[in-house]
Amino acid sequence: MTATDTTAPSTPTAKHSNSAPPKPATAQRAPKGWGKLARTMLIPFFLCAIMGLFYLGAFHQPTPHNVQVAVVGDSAATKVFAQTLQDESDGALTVRTVNNGESARQLVEDREIVAAYESTKDSATLYASSAASETSANIAQKVFMNVAYKQGQPFHVEDVVPAGEHDSTGQGLFFLLVALSIGGYASAVPLAGFMGKVKLPVRFAMAAVAAAVIASIAVIVSGPVYQIIQNHYASIWLISWAYAVSIIMLGMGLHPMLRHWTTPVLTLCFVALNFTSSGGIFQPAMQPGFFGALNTFWNGAGWLHAVQTLVYFPGQGIGMDILRLIVWLVPGAALIFATHAWSVHKTRLANENAAIQEVEEAVAA
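Predicted model, so just to flag it, every value in this text is computed and none were measured.

## Focus on the packing of aromatic side chains
Scanning the entire structure with this criterion turns up 14 aromatic pairs. A ring pair is formed by Tyr-117 and Phe-144, whose centres lie 5.0 Å apart and whose planes are at 20 degrees; its orientation type is stacked. Note that Tyr-117 is positioned in strand S3 (residues 115-119) and Phe-144 in helix H5 (residues 134-151), a separation of 27 residues in sequence. Owing to a relative accessible area of 1%, Tyr-117 belongs among the buried residues under this scheme. Note on Phe-144: relative accessible area 0%, which makes it buried.

## Some details on the packing of helix H2 (residues 34-59) against helix H9 (residues 262-272)
How two helices pack is summed up by the angle between their axes together with the distance between the axes. At a closest axis distance of 10 Å, the pairing of H2 and H9 adopts a crossing angle of 15 degrees. The angle between H2 and H9 places the two elements in the roughly parallel class. For the pair H2 and H9, the sense of crossing is right-handed. Listed contacts from H9 to Ile-43, Phe-46, Leu-47, Ile-50, Met-51, Phe-54 and Tyr-55 of H2 are Pro-264, Thr-267, Leu-268, Val-271 and Ala-272. When the residues that make up the contact of H2 with H9 are grouped by side-chain class, the tally is 11 nonpolar, 1 polar and no charged.

## Here we look at the nonpolar core
Among the nonpolar cores identified, the biggest contains 83 residues, and Leu-173, Ile-239, Ile-248, Met-252, Trp-303 and Tyr-312 are the most heavily contacted of them. Looking at this core, the element that brings in the most residues is helix H8 (residues 233-258), giving 11 residues. By size, the runner-up hydrophobic cluster in this structure holds 9 residues, among which are Ala-70, Val-108, Ile-113 and Ala-116.

## Describing the packing of helix H6 (residues 172-194) against helix H7 (residues 200-225)
Two elements in contact, H6 and H7, have axes whose closest approach is 10 Å; the angle formed by their N-to-C orientations is 155 degrees. Looking at the two axes, H6 sits roughly antiparallel to H7. Pair H6 / H7 crosses with right-handed handedness. Contacts from Leu-176, Leu-180, Gly-183, Gly-184, Ser-187, Leu-191 and Phe-194 in H6 reach Met-206, Ala-207, Ala-210, Ile-214, Ala-215, Ala-218 and Ser-222 in H7. Partitioning the contact of H6 with H7 into residue classes produces 10 nonpolar, 4 polar and no charged.

## As for helix H3 (residues 76-88)
Here H3 spans 18 Å end to end across 13 residues, near enough to the 18 Å set by a 1.5 Å rise per residue. Of all the positions in H3, only Thr-78, Ala-82 and Leu-85 are classed as buried. One side of H3 carries all its buried residues, which in axial view fall inside an arc of 65 degrees. Exposed and oriented more than 90 degrees from the buried face of H3 are Ala-76, Ala-77, Val-80, Asp-87 and Glu-88. Structurally, H3 contributes buried residues whose contacts are with strand S1 (67-72), strand S2 (93-98) and H5. Looking one or two residues past H3, Asp-90 carries a phi angle of roughly 55 degrees, positive in sign.

## With respect to the pairing of S1
The element S1 is extensively covered by neighbouring structure, given that 5 of its 6 residues are classed as buried. Inspection of the sheet shows S1 paired to S2 by 6 bridges, in the parallel sense. If you follow Val-72 over to S2, its bridge partner there is Val-98. Looking at chain direction, S1 and S3 are connected through 3 bridges and run parallel. What sits directly across from Val-69, in S3, is Ala-115.

What counts and how
Residues numbered from 1 in each chain as written. Predicted model: local features only at pLDDT ≥ 70, side-chain atom pairs only at ≥ 80, totals over all residues. Heavy atoms only, no water. Phe/Tyr/Trp six-rings, centres within 6.5 Å; stacked < 30°, edge-to-face > 60°. Helix = DSSP H or I, 4+ residues; strand = E, 2+ residues; numbered from the N terminus. Buried < 20%, exposed > 50% of the residue type's maximum accessible area, 1.4 Å probe, protein only. Axes fitted to C-alpha atoms, helices over the stretch in contact; angles between N-to-C directions. Parallel < 35°, antiparallel > 145°, perpendicular 65-115°, else oblique. Left-handed = near helix turned anticlockwise from the far one by under 90°. Contact = heavy atoms within 4.5 Å. Nonpolar A, V, L, I, M, F, W, Y, C, P; charged D, E, K, R; others polar. Core = buried A, V, L, I, M, F, W, Y, C linked by side-chain atoms within 4.5 Å. Expected span 1.5 Å × (residues − 1). Arc of directions from axis to C-beta. Pairing = 2+ DSSP bridges.

Okay, structure coming up:
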């Protein structure tokens, strides 16, 4: 009798039945983007640096240099006193003499000098103008108050051209400049993002309309609302429009090249450099020479001087200030033209490459 093998034959399935199941593929982690965050954070760091450097550099230690003042009198003693005062100031003052108090008042009113000092037997008088610059008038007052004290004379100040009733510090126009500037460069970026959809003339029209709205808001707020300005509304509106449109066009022209760096660069130009050099807080003679140099050609200084003239010194001319604002329109317009031409060139190259590719595909077929 034959024995039967009852062992089940091995099969491939049975052979591998105890094997461990294959491990699932490990999911890759998404990159956290630290590099992009670091690059983006350069913008606030840049803004912090430029605001600190330029604001503190311009305002932290006002030091008079070559401040134009006068002493009333034509005697030899008066001329010796004026020369001595200039020598002892160590460059802070430039002192001239004038014949009488009326001439001194006129020089202050014409903004040719900051202040004039007249000493008589009974008292000492300082002629100054808070409308021109309250900070400069205060600094001159400190200087000549000490002179009057040494001479043993009672001292008083005559404000030849005072600031307005609703602008006691004389700095309301400066803060109006701040509003115009922020409105201008804040409008530039959204307009730049839209200008690729419209033709070149429409781009200029958008800038002009936006500037008109900004100028209108500024004039209404400073005029009927707070009464800082009470006349020359049309002229101030037109000057404000020219100022705002120059900033907007510069921003629109720069945006295709600078992209997210456009706002920081505009902040550098029209906040850090613009406000510090405008003369709204301290006149150039009270600041380091760098800011005094900017004051000679920067558009904010031109706007402030022109509007200040219309509001407080209406008999004086503003032709050079207007010319400065017009000149500032040129780089913005040129940049918009240039970026438009470059975009047209890129589009034409793309169309030509597409046409060549279509021909090559037709030949290959």
